[in-house]
Amino acid sequence: MAAFDATAAANSGVKKLQPYQAGKPMDELQRELGLSHVVKLASNENPLGLSEKVRTALQAELSNLIRYPDANGFYLKSKLAELHRVEPQQITLGNGSNDVLEILARTFVSAEEEVIFSQHAFVVYPLVTQAIGAKGVAVPAKDYGHDLEAMAAAVTDKTKMIFVANPNNPTGTFLTTEQIKDFLDKVPPHVIVVLDEAYYEYVPEPERAPSIDWLQHYPNLVVSRTFSKAYGLAGLRAGYAVSSTEIADLMNRIRQPFNVNALSLKAAEVVLDDHDYLQQAVQVNQQGMKQLVEFCQQQGYDYIPSYGNFLTIEFGPKAMDIYEKLLHEGIIVRPVGGYQLPNHLRVSIGLKEENQAFIDAMLKIG
Ligand SMILES: *Cc1c(COP(=O)(O)O)cnc(C)c1O
């Protein structure tokens, strides 16, 4: 048989990539350490459990699973269009918002072009950039967050796209309406700005940017949102982008026709109407955030003030040691060394008793 070197054959961008490090699955930890109870605070998932309305709707949807899903997601797009006061043609649905981020990069960026993102920003931005062989430009962070002035200054003739996460993961940092607006005014029109608002629902209403309304003034803006966080559907994978119809039309040409499955479409439609669920999710998050912040203050741990559903805490050089010790206590949090934050751990906000389990474990391991 002829020798085949798969690594040599891979495209140059892919060769340089590291695989995405997901939060450790609960049953894996249970198996490995023989633990009976595990608390996962590692992937910014919604601790409330599935919306009961969604559960009922999914049961009913099962009998339709022999059919292909609606390739255009008519009902979900109609609902979203109404919610955001846009046309359904401005919406691109994705298998999670990660999918729309990748579709965006593949639609607009070619190998000789550049994509700008911030240091400590969401790992999917460099990932989708490198997969197409384009050049990623990571702009040093300011106080752990996006330095929008430096990002605007990093734009060159070759820049095609800029990713901005607001709030950012894994730092939880937040950019004000005014900061983003100033930035959009500075970015030249040949550059597409992708505003990733995965944690939008957790931001107090008065502080939320009217980002989707801005689409009328900035045709180079794309806003992405997800059902994975506050809506509690991470396992189903549903997210979307809102943009001009022109951008949506181009994205639609390379999107896999059935990228959002039938259960996800149904669940997303139903949860959009479950206002109580969303409200409760946000409330549980506020209370849990307070609980973790107070713990940090009492114990003298520095943390990055967060607008998301997680808190990133500084533990110094012992961070990985603490991570391992927490695992042995059945608590999974998230190391963020891959985000150039080797001294921090990101702790997702859980239910009160889950946060308390983390706190108790921390006090125990000292
Ligand atoms: C969690 C997260 C997403 C959402 O990813 P999905 O693919 O929709 O699950 C997007 N952006 C950021 C910054 C996130 O943290």
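- Under the annotation held in an unreviewed UniProt entry, the protein carries the name Histidinol-phosphate aminotransferase and is attributed to Idiomarina seosinensis.
- In its Sequence similarities (unreviewed entry) section, the UniProt record describing the protein reads: "Belongs to the class-II pyridoxal-phosphate-dependent aminotransferase family. Histidinol-phosphate aminotransferase subfamily."
- Among the UniProt annotations of the protein, the heading Pathway (unreviewed entry) holds the following wording: "Amino-acid biosynthesis; L-histidine biosynthesis; L-histidine from 5-phospho-alpha-D-ribose 1-diphosphate: step 7/9."

**Topic: the overall build of the protein**
- Check the secondary structure of the protein and you find 14 helices and 13 strands.
- For 366 residues, the compact-globule formula gives about 21 Å, and the C-alpha radius of gyration of the protein, at 21 Å, lands near that figure.
- If one aligns the C-alpha atoms of the protein with their principal axes, the spans along those axes are about 65 × 55 × 50 Å.
- Counting all 366 residues of the protein, 52% fall into the buried class.
- Restricting the contact set of the protein to residue pairs at least 6 apart, pairs at least 24 apart contribute 74%.
- Surface accessibility of the protein: about 17,500 Å² in total, with carbon and sulfur atoms responsible for 51%.
- Of note, the protein has its 32 positive side-chain charges centred 4 Å away from the centre of its 43 negative side-chain charges.

**Regarding the site of the ligand**
- Around the ligand, the surrounding shell holds 13 residues, and the nearest of these are N98, Y199, T226, S228 and K229.
- Between the ligand and the protein, one listed contact pairs an oxygen atom with a side-chain N or O atom of N98 at 2.6 Å.
- Separating a nitrogen atom of the ligand from a side-chain N or O atom of D196 is a distance of 2.6 Å.
- Relative to its free-state accessible area of 390 Å², the ligand is covered by the protein chains to the extent of 94%.
- Here the residues of the shell around the ligand are counted per class, giving four nonpolar, six polar and three charged.

**Examining the sheet that holds strand 13 (residues 341–348)**
- What the four strands build is an open sheet, ordered 9-10-13-12; its pairing is antiparallel. Of all the strands in the sheet, the pair left with one neighbour each is strand 9 (303–304) and strand 12 (334–336).
- Note: strand 9 against strand 10 (residues 310–314), two bridges, orientation antiparallel. Residue pairing for strand 10: I304 is matched across the bridge by T312.
- Against the sheet, helix 12 (residues 275–299) touches strand 9, strand 10 and strand 13, its axis set at about 10° to strand 10.

**A short note on the domain arrangement of the protein**
- Segmentation of the protein into domains returns domain 1 (22–49 + 276–365) and domain 2 (52–271).
- Taken together, the contact pairs 23 residues of domain 1 with 26 residues of domain 2.
- Summed over both partners, the interface of domain 1 with domain 2 buries about 2,000 Å², with 63% contributed by carbon and sulfur atoms.
- In this structure, the connection of domain 1 to domain 2 is made through zero salt bridges.

**Considerations on the UniProt feature "domain: Aminotransferase class I/classII large" (unreviewed entry) in the protein**
- UniProt annotation of "domain: Aminotransferase class I/classII large" (unreviewed entry) refers to residues 37–357 when read in the numbering used here.
- The distance from the first to the last C-alpha atom of residues 37–357 is 11 Å, and the span holds 37% helix and 18% strand.

**Details of the nonpolar core**
- In terms of nonpolar packing, the biggest core is built from 49 residues, with I162, F183, L221 and F227 touching the most fellow members.
- Top element by residues in this core is helix 11 (residues 262–272). It accounts for seven residues.
- With sequence-adjacent residues up to four places away left out, F227 is seen in contact with L76, L80, G232, L233, A234, A238, G239, Y240, A268, V271 and L272.

**So, the pattern of salt bridges**
- Counted according to the given criterion, the structure contains 13 salt bridges.
- Close ionic contact of E294 with K290 constitutes a salt bridge, the shortest N to O distance being 3.5 Å. Here the residue E294 and the residue K290 both occupy positions in helix 12, the gap between them amounting to four residues, near one helical turn.

**Here we look at unusual backbone geometry**
- Residue N166 is joined to P167 through a cis peptide bond whose omega torsion reads -10°.
- Among the structural elements, P167 can be located in the loop between strand 5 (159–165) and helix 9 (177–186).
- In this model, N169 is joined to P170 through a cis peptide bond whose omega is 15°.
- By the secondary structure assignment, P170 is in the loop between strand 5 and helix 9.
- Positive phi, close to 50°, is recorded for D143, a residue that is not glycine.

**Overview of helix 4 (residues 52–61)**
- What helix 4 keeps buried is the set V54, A57, L58 and E61. Projected onto a plane normal to the axis of helix 4, the buried residues spread over an arc of 100° and lie on a single side. Pointing more than 90 degrees away from the buried face of helix 4 are the exposed residues E52, T56, Q59 and A60.
- Contacts from the buried residues of helix 4 go to helix 11.
- Of the residues flanking the start of helix 4, the one acting as N-cap is S51, its side-chain oxygen 3.3 Å from the backbone nitrogen of K53.

Conventions we followed
- Residues numbered from 1 in each chain as written.
- Predicted model: local features only at pLDDT ≥ 70, side-chain atom pairs only at ≥ 80, totals over all residues.
- Heavy atoms only, no water.
- UniProt positions renumbered as here; feature names shortened; annotations may be inferred.
- Helix = DSSP H or I, 4+ residues; strand = E, 2+ residues; numbered from the N terminus.
- Rg over C-alpha atoms; globule rule 2.2 N^0.38 Å.
- Buried < 20%, exposed > 50% of the residue type's maximum accessible area, 1.4 Å probe, protein only.
- Contact = heavy atoms within 4.5 Å.
- Areas by Shrake-Rupley, 256 points an atom, 1.4 Å probe, with all protein chains shown as cover.
- Lys, Arg positive; Asp, Glu negative; His and termini not counted.
- Charge placed at Lys NZ, Arg CZ, Asp CG, Glu CD.
- Near = heavy atom within 4 Å.
- Polar contact = N/O pair within 3.5 Å; in protein donor to acceptor, adjacent residues only side chain to side chain.
- Nonpolar A, V, L, I, M, F, W, Y, C, P; charged D, E, K, R; others polar.
- Pairing = 2+ DSSP bridges.
- Axes fitted to C-alpha atoms, helices over the stretch in contact; angles between N-to-C directions.
- Domains from an automatic or database assignment.
- Buried area = accessible area lost by both parts, 1.4 Å probe.
- Salt bridge = Lys/Arg side-chain N within 4 Å of Asp/Glu carboxyl O.
- Core = buried A, V, L, I, M, F, W, Y, C linked by side-chain atoms within 4.5 Å.
- Arc of directions from axis to C-beta.

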